[in-house]
Amino acid sequence: MNSLIKLFTLTSISLLAASCASTGVQYPDWSGQWTRIGSLNWEPEGYAVAGEPPLTPEYQAKREEFQRLRDLGVLVGDPPATCLPPGMPRVLTMSFPFEMIVTPNTSYMLTDWDSAVRRIFTDGRDWPAYMLPEFNGYSIGEWHDENGDGVYDMLSIETRSIKGPRSFDSTAVVLHENNETVVFEEIRRLDDGSLENTITTIDDALTGPWTVQRQYRHTPFSEDVIWVEYVCAENNRHIQLGDEWYFLNKEEGTLDPTRVGQPRLIPDTE
Amino acid sequence: MRLHSTIFRTLFFMLSFMTTTASAHHSTAIYDSDNPIDLLGRVVEWQFTNPHVFIILAVEDENGEEVVWSLEGSNTSGVFRNGYTPDTLQPGDELLISVRPLRSGAPGGNYRNVRYPDGTPFDPRAPR
């Protein structure tokens, strides 16, 4: 996997050299609201171009086992079901709208999913000696002026130190439990109305890099733009206890079964 | 009262799958989409919450006993954007709901198509 990461890093450095040749380049205004174009998952739009993630035999078997269990009513292979964050790269599906705030040293991706902040450092820093793993990882980015008009129009990002467990999306495809995932992004302003993110994931659950694209539609800043708080713990009904999953019946105060043959758990209040 | 019209059931589920891409934060595979049911009942509470809004529906079963169903929908972000608020539904409102139930048979599920008994749609997944 290290050679793959080096290849992508070298590509990023060459792009950076091209962009740094120009001086006085302006930072773009990417304010407003961005919403995903397409479905919640990478498929069908992403798979149409990239194909399915090329899973190793071990992780393909894991996916098939998860699907078998799901058909029985067990909600495996989907960490956000228990309110864990989606993490990288799943957050980039953008189930919910997001906002981009661009400053010279840091760009901020504010996602309505989990009301979370993702920081992308563009101050030229190197990787820290130690990075505490986080679900969105540690991101270093570089701005590029691809069309040479004096305004940056592409942000390339490399993200490491990503915490798990994570899944690519809700289709029971999980990333490797060693959490050595590295994600490369190239976010481009296609036109006034859209952004495109080209996302390459390198992970030991995959036999090679997997590149998928996602586009986001723009709504300019105005008082009509709606942002909504998202606190998953507020009313999540999906509870995991060991290998068992339950549906929290708050109305009756019980943990209800999700699969046939599973007992209902009633608290002993005496 | 649980309605058992197969035609009714099939029609509403075809429509619901054609018109929705649920804003779920997780897979809905735990719900039995092959065996949907229709529930007619009275709203106990509309929980305008995350990660999902819930319609808590009191339904009379075959034995005349009241069963309270917890029915999961999408999320406040999508529902609010579509023009719905916590006051749009009131306790006591009667609704007819197509439900993908939990596979275990417990009184929980995922609602897919909601309408008033006269057929007027109540669809938080579409602009109001």
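Note that the coordinates shown come from a computational prediction; the quantities given were computed from them, not determined experimentally. (Residues numbered from 1 in each chain as written. Chains lettered and ligands numbered in written order. Predicted model: local features only at pLDDT ≥ 70, side-chain atom pairs only at ≥ 80, totals over all residues.)

S.K.: In this structure, what is going on with the overall build of chain A? I would like to understand it.
M.R.: Of regular secondary structure, chain A possesses three helices and twelve strands. The C-alpha extent of chain A, read off along each of the three principal axes, is 70 × 50 × 40 Å. The long-range fraction of contacts in chain A, counting pairs at least 24 apart against all pairs at least 6 apart in sequence, stands at 57%. (Helix = DSSP H or I, 4+ residues; strand = E, 2+ residues; numbered from the N terminus. Contact = placed C-beta atoms within 7 Å.)

S.K.: It is not clear to me how unusual backbone geometry should be interpreted in this structure. Could you clarify?
M.R.: It is generally the case that most residues other than glycine have a negative phi and that most peptide bonds are trans. The omega torsion across A:G164 and A:P165 is 5°, close enough to zero to call that bond cis. That bond from B:N50 to B:P51 is cis: its omega, 5°, falls within 30 degrees of zero. Counting through the fold element by element, B:P51 comes out in the loop between β2 (37-47) and β3 (54-60). Positive phi outside glycine occurs at A:M94, with the angle close to 55°. Secondary-structure assignment places A:M94 in the loop between α3 (57-72) and β2 (98-102). A residue is classified by how many C-beta atoms lie within 10 Å of it, and A:M94, with 22 of them, is buried. (Buried ≥ 20, exposed ≤ 12 C-beta atoms within 10 Å, placed from the backbone.)

S.K.: Where do I start with the interface of chain A and chain B in this structure?
M.R.: How large an interface is tends to be reported as the accessible area lost when its parts come together. With 33 residues of chain A at the contact, the number on the chain B side is 27 residues. Of the residues in the side of chain A that touches chain B, the class split is 14 nonpolar, ten polar and nine charged. (Nonpolar A, V, L, I, M, F, W, Y, C, P; charged D, E, K, R; others polar.)

S.K.: Help me out: how do you make sense of the domain arrangement of chain A in this one?
M.R.: Residues and elements named next belong to chain A. Each domain of chain A was delimited in the assignment, giving domain 1 (2-219) and domain 2 (237-270). If you average the C-alpha positions of domain 1 and of domain 2, the two centres end up 35 Å apart. Across the side of domain 1 that touches domain 2, the residue classes tally to four nonpolar, two polar and no charged. (Domains from an automatic or database assignment.)

S.K.: Help me out: how do you make sense of α3(A) in this one?
M.R.: The α-helix advances 3.6 residues per turn, and as a result positions three or four apart in sequence lie on the same side. All names here are of chain A. Between its first and last C-alpha atoms α3 spans 23 Å; for 16 residues at 1.5 Å apiece the expected length is 22 Å, and the two agree. Taken residue by residue, α3 has Y59, K62, R63, F66 and R70 as its buried positions. The buried residues of α3 occupy an angular sector of 100° when projected down its axis, which confines them to one face. Across from the buried face of α3, at angles greater than 90 degrees, the exposed residues are P57, A61, E64 and R68. Positive backbone phi, approximately 110°, marks G73, located one or two places after α3. (Expected span 1.5 Å × (residues − 1). Arc of directions from axis to C-beta.)

S.K.: Help me out: how do you make sense of the confidence of the model for chain A in this one?
M.R.: Detailed reading of predicted coordinates is not advised where the pLDDT is low. Per-residue confidence for chain A gives a mean pLDDT of 92; residues scoring 70 or more make up 91%. Across residues 12-22 of chain A, confidence stays below pLDDT 50; counting only partners more than four residues off in sequence or on other chains, it has 13 contacts. (pLDDT = per-residue confidence, 0-100.)

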